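So you can see what is in the structure, the chains are spelled out below.
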Amino acid sequence: MTQAATSVDFVRGIVADDNRTGKFGGRVITRFPPEPNGYLHIGHAKSVCLNFGLAAEFGGVCNLRFDDTNPSKEEVEFVRSIQEDVHWLGFDWGRNLFYASDYFEQLFGYAVQLIEKGKAYVCDLTPEEVREYRGNLTEPGRESPFRNRSIEENLDLFRRMRAGEFDEGARTLRAKIDMASPNLNLRDPVLYRILNETHHRTGDDWPIYPMYDFAHGQSDSIENVTHSVCTLEFEDHRPLYDWFLDELEIHHAQQIEFARLNITHTVLSKRRLSQLVDEGHVNGWDDPRLPTISGLRRRGYTPEAIRDFCDRIGVAKRDNTVGIALLEHTLRDDLNKRSPRVMGVLDPLKVVIENYPEGQSEEIVSVNNPEDMSMGERRIPFSRTVYIEKDDFREEPPPKFYRLSPGREIRLKDAYYITCTGVVKDEATGEVIELRCTYDPETAGGTSSDGRKVRGTSHWVSADHAVDAEVRIYDHLFLTEDPDNVPDGGDFIDNLNPESLVVLKSCKLEQGLDKAKPGERFQFLRQGYFCVDPDSTPEAPVFNRTVALRDTWSRMDQARRS
RNA sequence: UGGGGAUUAGUCCAGUGGUAGGACGCCUGACUCUGGAUCAGGAAACGAGGGUUCGAAUCCCCCAUCCCCAGCCA
C-alpha cells in the first residue's frame, strides 16, 4: 500500500536542499538557545522538537546553548530547570552543553577586531540620547558625536571599560554601520554595555557584557552551527548578524525563521507567565494550569503527547493560534493507550443494595485496559453499600438520559444490574442523599443470562473499601480563546477562568489507589485521565485531573439546557 | 506614512500551472459492559480586483488586511 505522501515543512526542505547541494558538506548542526531567565513552556517545546528533530533526522547534532548575556535576569535555577525539561521531553544534547558566557573572551576579541577595522567605537551618549539619535521608523537617525574617535582612543576606552574604570551605563561599544538604514537594527547597534552584575557563571570577572545580537551569531559560528533556526522577530536582525560575520570573516550559519506558537485559552509569553506566577493567580511555575513544561508534567501530560502535538502543528511562517483542543486530543490519544483503568467516584452518592447480604463482600474481576489486554486484570471488592456518581442519577430523567432513576435498571460496571427502588432525601433541603436499590444475582459479572439489556453502565466504588482522596479538577486557565481580547482599559487577567481549579475533597476511589506514587497515571472510568500529584501521601492521596474524557452526554445536556 | 514578514475550511498544516487534500473541532449514523475508544459518512477554504494562459491557490500587476522592528532585553 502507498502511504499518503508526507510533506516536510519548509525548514526541513531548506536543510535537505543544503545537504543536496553540499552547502555545509552534508553536515547538520543545530542548537536550542534559551536564555536562562524563566521556565520553558510548550512554545519552547516546538523549537526543541524542531531543532533536535532536525539533527536526528539528518544525522547531525543539536547543541543546548544558554544565551546568558544578561546577568541581571538570569539564574542557575533556570539553567537547571531548562535542562530537566529538555531531557524530560526526550532529547539529549550529549556533551554539547554550551553557554554564550563560555565565549566571552573570544567575543571580546571579536569586538577588538571590529575596533581595529574602524568598524566599532566607544560611545558616551546616555541611553536617552542614544534613543534620540536613533531616529524613528520614518526618519533617519543622526550620527553620534563620538562616532569618529580614533582607533587608538576606542581601543583604550574599550579596554578601560573592561577594566571596570567606568560607571554602569556610562559608555557603550557600538558598531559603526549606518544611522540612516531603514532597518533600525543597523543604526549603530550597541555591542557591549557596562553592567555591574554578578554573572551566574563568570561571577565578577566582567564589568561589561555583550548584547545578545553581538553574541548570538558569533556563538553559532564558534559552534559551527549550520542551521540557526529561530522565530520570526529575528528576521530583520539577520542582516546585522551577517554584517558581523562578514566583517569578522568567520563561518556563517544559515538562519531560518519560523512562526512562534500560540495556543487558545492560554498565554505563552514569559512576561505574562511571570505575572501570573508573581501575582499569585497560579501556584508557582509548575502549576498544572500553566503551559510550562513543568506545569504540563505535573498535570499529567506525557512527553509523547507533547511531541506528537509539535509534529501535528507543523512549522511555517504565518502567525498562528492552535486550538487547545488539539493538544488535548494528542494527550487523550496517548493516555488512552497507556493508562490503566480504575474506578473513582468524584461526587459520591450512597447506594444501599437492600437484597445484598449485610456484611458480605466479593471480588469483581475487571480488565485494566480494554485497549491493551496485556495490561492484565485486577480484583475489586463489591459490597452492600457502594457509591456512584451523583450525575449518574436523576429523579426525573430527561430524554436520552440512560442512567439511573427510580424504577430503572442499570449496570454497575463488571458487577451486577441494579434497580432503583427508593430515594432518601434530606428532610430540610430535599437533596437526594441516598438511593435504595436491589440487585439481580443472575447478572454477576455485568451480563444477564436472559439476554436482557440495560442502556446505562455506571462506575462505582464499594463504600467499605473506598479510598478517600482529594481530586483537583483543572480547566482552561482563560475563559476566552484569546486572553488578550479585552475591552479598553482591561488586561488579560480579567479573562482568567475563576473555575480553572476546583478542589474536590471527598472523592471515593478504588481500593489500592492510596498506594499510587506521584506521577502515576490512570483513567478513572468514564471520567478522564488522572495522575498522582507530588503533594500526595498514602494517608492523604491527591490526584490531578489531566484531561476529561470526551463526554457526549454532558454536551447534549448542556445544549438542551441552553 | 521607512524596513522586514505573512495572507488556503472555525483552527493548524499541505498543495508552486491541470478537477483544492490531511488533522483537530463540528454534525450524522453504526458499534459498545466506559454516552470513552473504534468504524462509516457529512458540512466547511484559495483576502479583493485586474492580467498572462486552453487552463491559475500556484506566474505578473495592483489593492487590502494582519504581524514584527524605534531596549544599554532576548
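Nothing here was measured: the structure is a model prediction, and the numbers come from that model.

### A look at the domain arrangement of chain A
Frequently, the measure chosen for interface size is the accessible area that the parts lose on association.
Here's step 1: In terms of domain boundaries, chain A breaks down into domain 1 (10-263) and domain 2 (344-466).
Here's step 2: The C-alpha-based centres of domain 1 and domain 2 are spaced at 64 Å.

### Here we look at the sheet that holds strand 4 (residues 120-123)
Here's step 1: If you trace the 4 strands from one edge of the open sheet to the other, you get 4-5-6-7, paired in antiparallel fashion. Every interior strand has two partners, whereas the edge strands, strand 4 and strand 7 (208-210), have only one. Mean inter-strand twist for the sheet, computed between neighbouring axes without regard to direction, equals 20 degrees.
Here's step 2: As paired elements, strand 5 (residues 172-175) and strand 6 (residues 190-194) share 3 bridges and run antiparallel to each other. Looking at strand 6, one finds that Arg 174 is bridged to Val 190.

### A short note on the pairing of strand 4
Here's step 1: What you see with strand 4 is no split at all: Ala 120 and Val 122 on one side and Tyr 121 and Cys 123 on the other are buried throughout.
Here's step 2: As defined by bridge partners, strand 4 adjoins strand 5 across 4 bridges and the pair is classed as antiparallel. Across the sheet, residue Cys 123 finds its bridge partner in strand 5, namely Thr 172.

### Quick word on the protein's contact with RNA strand B
Here's step 1: In the vicinity of RNA strand B, 66 residues are found, and the nearest of them are Arg 318, Arg 403, Arg 411, Gly 445 and Arg 555.
Here's step 2: Counting only atoms of RNA strand B within 4 Å of the protein, the fraction found in sugar and phosphate groups is 66%.
Here's step 3: The separation between a base nitrogen of RNA strand B and a polar side-chain atom of His 237 is 3.4 Å.
Here's step 4: For the surface near RNA strand B, the secondary structure elements donating two or more residues are helix 5 (127-134), strand 6, helix 11 (303-313), helix 12 (324-338) and helix 13 (552-561).
Here's step 5: For the surface near RNA strand B, the element with the highest residue contribution is helix 12, accounting for 4 residues.
Here's step 6: In terms of residue class, the surface near RNA strand B is made up of 21 nonpolar, 21 polar and 24 charged.

The rules we used
- Residues numbered from 1 in each chain as written.
- Chains lettered and ligands numbered in written order.
- Predicted model: local features only at pLDDT ≥ 70, side-chain atom pairs only at ≥ 80, totals over all residues.
- Heavy atoms only, no water.
- Domains from an automatic or database assignment.
- Pairing = 2+ DSSP bridges.
- Helix = DSSP H or I, 4+ residues; strand = E, 2+ residues; numbered from the N terminus.
- Axes fitted to C-alpha atoms, helices over the stretch in contact; angles between N-to-C directions.
- Buried < 20%, exposed > 50% of the residue type's maximum accessible area, 1.4 Å probe, protein only.
- Near = heavy atom within 4 Å.
- Polar contact = N/O pair within 3.5 Å; in protein donor to acceptor, adjacent residues only side chain to side chain.
- Nonpolar A, V, L, I, M, F, W, Y, C, P; charged D, E, K, R; others polar.

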